[in-house]
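# Reading the structure
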Amino acid sequence: MPQDPMDFEWSYWIEWGRGHILWLLAGHLLVSQVSRLLVEKYKPWCLMVYGMAACWLLLGIKGFAVILLHAAISFAVAQFRLSLLTWLSSLILLSTLRIPAVEEAKRKWYDTENEYYLLLFTLSVRGLFCTSFSLEYCWHGPAQKSSHSFLWMLAYVFYYPMFHNGPLMNFDEFSKQMRRQETFSLKTNLSILIVGVIRIIFWWCLAELMIHLMYIHALYSSVPSLEAASYWALGGLALAQVLFFYVKYLVLYGIPALLLQMDGLKPPALPCCVSLMHSFTRMWRSSLIILLICHFAYRYIYVPMGGSQSSLLGMLFSTALTFAFVSYWHGGQSYLWYWGALNWLGVIVENGIKRILSISCIQDLI
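What this report covers is the structure whose coordinates are included nearby. (Residues numbered from 1 in each chain as written. Predicted model: local features only at pLDDT ≥ 70, side-chain atom pairs only at ≥ 80, totals over all residues. Heavy atoms only, no water.)

## Comments concerning the nonpolar core
The following threshold applies: Among buried residues, those of type Ala, Val, Leu, Ile, Met, Phe, Trp, Tyr and Cys that are joined through side-chain atoms within 4.5 Å constitute a nonpolar core. To sort residues, take the accessible area from a 1.4 Å probe on protein chains only and compare it with the maximum for the residue type: under 20% means buried, over 50% means exposed, and anything in between is partly exposed. Comment: elements are numbered from the N terminus, with helices defined as DSSP H or I runs of at least four residues and strands as E runs of at least two. Throughout the structure description, domain borders are defined by an automatic or database domain assignment.
In terms of nonpolar packing, the biggest core is built from 88 residues, with L59, F158, F174 and F325 touching the most fellow members. Of all the elements, helix α2 (residues 43-78) adds the most residues to this core, at 14 residues. Counting only domains with at least three residues in this core, you end up with domain 1 (8-176) and domain 2 (271-365).

## Quick look at the packing of helix α5 (residues 113-139) against helix α14 (residues 293-302)
Two quantities define a packed helix pair, namely the angle between the helix axes and the distance between the axes. Our working definition: Axis definition: a line fitted to C-alpha atoms, over the contacting stretch in the case of helices. Angles run 0 to 180 degrees between N-to-C directions. Angle categories are assigned with fixed cut-offs, so that under 35 degrees is roughly parallel, over 145 is roughly antiparallel, 65 to 115 is roughly perpendicular, and the rest are oblique. Helix crossings are classified by the rotation of the near helix relative to the far one: an anticlockwise turn of less than a right angle makes the crossing left-handed, while a clockwise turn makes it right-handed. Residue contacts are counted whenever heavy atoms from the two residues lie within 4.5 Å of one another. Residue type decides the class: Asp, Glu, Lys and Arg count as charged, Ala, Val, Leu, Ile, Met, Phe, Trp, Tyr, Cys and Pro as nonpolar, and the leftover types, Gly among them, as polar.
Between α5 and α14, the least distance of the axes is 11 Å, while the angle of their chain directions is 20 degrees. Taken together, the axes of α5 and α14 lie roughly parallel to each other. The two elements α5 and α14 meet at a crossing, and its hand is left-handed. When α5 is examined against α14, the residues L128, T131, S132, L135, E136 and W139 are found in contact with a partner set consisting of I293, F296, R299 and Y300. The class makeup of the residues in the contact of α5 with α14 is six nonpolar, two polar and two charged.

## Focus on the environment of I293
Positionally, I293 belongs in helix α14. Relative accessible area serves as the criterion here: at 2%, I293 is assigned to the buried category. Discounting chain neighbours no more than four positions away, the residues touching I293 are L128, F325, V326, W329 and H330.

## Considerations on the packing of aromatic side chains
Applicable threshold: Any pair of Phe, Tyr and Trp rings, taking the six-membered ring for Trp, is counted once the centres come within 6.5 Å. Such a pair is stacked with planes under 30 degrees apart, edge-to-face with planes over 60 apart, and tilted for the rest. Geometrically, a charge over a ring is one whose NZ (Lys) or CZ (Arg) sits within 6 Å of the ring centre while staying within 35 degrees of the ring normal.
Within this structure, the stated rule accounts for 33 aromatic pairs. Each ring, one from Y159 and one from F174, has its centre 5.3 Å from the other, and the planes form 65 degrees; the classification is edge-to-face. Of this pair, Y159 sits in the loop between α6 (150-157) and α7 (171-179) while F174 sits in helix α7; the two residues are 15 residues apart in sequence, bridging distant segments of the chain. Both residues of the pair, Y159 and F174, count as buried. In this structure an aromatic cluster arises from ring pairing among F75, F129, F133, Y137, F150, Y156, Y159, F171 and F174. Its guanidinium or amino end placed over the ring of Y328, R98 lies 4.7 Å from that ring's centre, counting from NZ or CZ. One residue, R126, lies across the ring of F129, its end atom 4.0 Å from the ring centre.

## Points about the side chain of D172
Short version of the rule: By the counting rule applied here, Lys and Arg register as positive and Asp and Glu as negative, while His and the ends of each chain are not counted. Take a side-chain nitrogen of Lys or Arg and a carboxyl oxygen of Asp or Glu: if they are within 4 Å of each other, that pair is a salt bridge. Any pair of N or O atoms that falls within 3.5 Å is considered a polar contact. Within protein, one atom must be able to donate a hydrogen and the other to accept it, and sequence-neighbouring residues count only if both atoms are side-chain atoms.
Its place among the elements puts D172 in helix α7. The side chain of D172 is buried and forms no salt bridge, while R299, the nearest opposite charge, is found at 4.6 Å. Of the polar contacts made by the side chain of D172, one reaches the side chain of H140; its length is 2.8 Å. Setting aside anything within four residues of it in sequence, one finds D172 in contact with E136, H140 and H148.

## Regarding the pattern of salt bridges
Two side chains with opposite charge may pair up if their charged atoms get near one another. Throughout the structure, instances matching the rule amount to six salt bridges. A salt bridge links E208 to R18; the nearest nitrogen and oxygen atoms lie 4.0 Å apart. One end of the pair, E208, is in helix α8 (residues 186-213); the other, R18, is in helix α1 (residues 8-38), and 190 residues separate them in sequence. Looking at R18, the relative accessible area reads 56%, which means it is exposed.

## Some thoughts on the packing of helix α15 (residues 312-329) against helix α16 (residues 334-357)
Here α15 crosses α16 at 150 degrees, and the two axes come no closer than 9 Å. Regarding the angle of α15 to α16, the classification is roughly antiparallel. When the axes of α15 and α16 are compared, the crossing they make is right-handed. In this structure, α15 contributes L312, M315, L316, T319, A320, F323, A324, V326, S327 and Y328 to the contact, and α16 contributes L336, W337, W339, G340, N343, W344, V347, I348, N351 and R355. Looking at the contact of α15 with α16 residue by residue, the class counts come to 14 nonpolar, five polar and one charged.

Listed below in structure tokens is the structure:
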């Protein structure tokens, strides 16, 4: 039975995975385990060199040079230790990805659109990693200069399991865990690998069944079908959409998470099932989106701007700024600004109702 061709993200990453990325991840696993067994002290540098070689192989010398250039610019700006300047640099670098002339120049480097999109996605995600390193550099004193060197930045930026699509681990967590030397047990790692592979295969098969049998995205693209459907059918279709999104990212983020475990790192927790959530705020704290962009925005935008610890207006502003960055990072199209505004409104309404219900006289009335 033919599959639903309308989910670009799943089709795109599965095609790249089968063609190159899964093989390169297997190579990373081999390098990682050999280095942990023989040269644990030099493991970060072995993995850095491997990540650079994998980047060069997939994106070519020009793609590799652009990523290296972005990292060098971010590191140079971070030397001023000004968070605002770091943010300005990061936003400018991100905006260069949307300049038509620059886009056309990069397209000419590759034979297919898929190769260009791989560079685009990789640069977007690497931008988050460069910003994470730079802000952590700004927040730490000169005494920790050795742990925030350019070499450590490269080890972080070119760490291959999180290279193309995330998930995100902030620099401090990465460097702390990567420096930690643990007793290596081949038997333990083998059992982790076997169990992890079985789980990922199960999720993968489930996602393939959904995309071959349910045709969720094709229905969404058919206006007459949507107009003819009842409200109950539309609700079921919306639920099926978010459930497929959840299963899809169990695969796309489950594979890197397994490799992080094999490297002796603690991966970000995989998302909670959306069907188990009743709180809009909890959805943003526990859903799969937080594994990448919202985890980043929460740590580097929401909390520094005051977050829930600030006044009501401060919380409204920090939340709005967080969703504004999420919308801009995803592309900044008009529908993304509407999406960000509606999500901001949902979080604000829910938190407002919680504050009202926490008033003692309201609780007594209830």
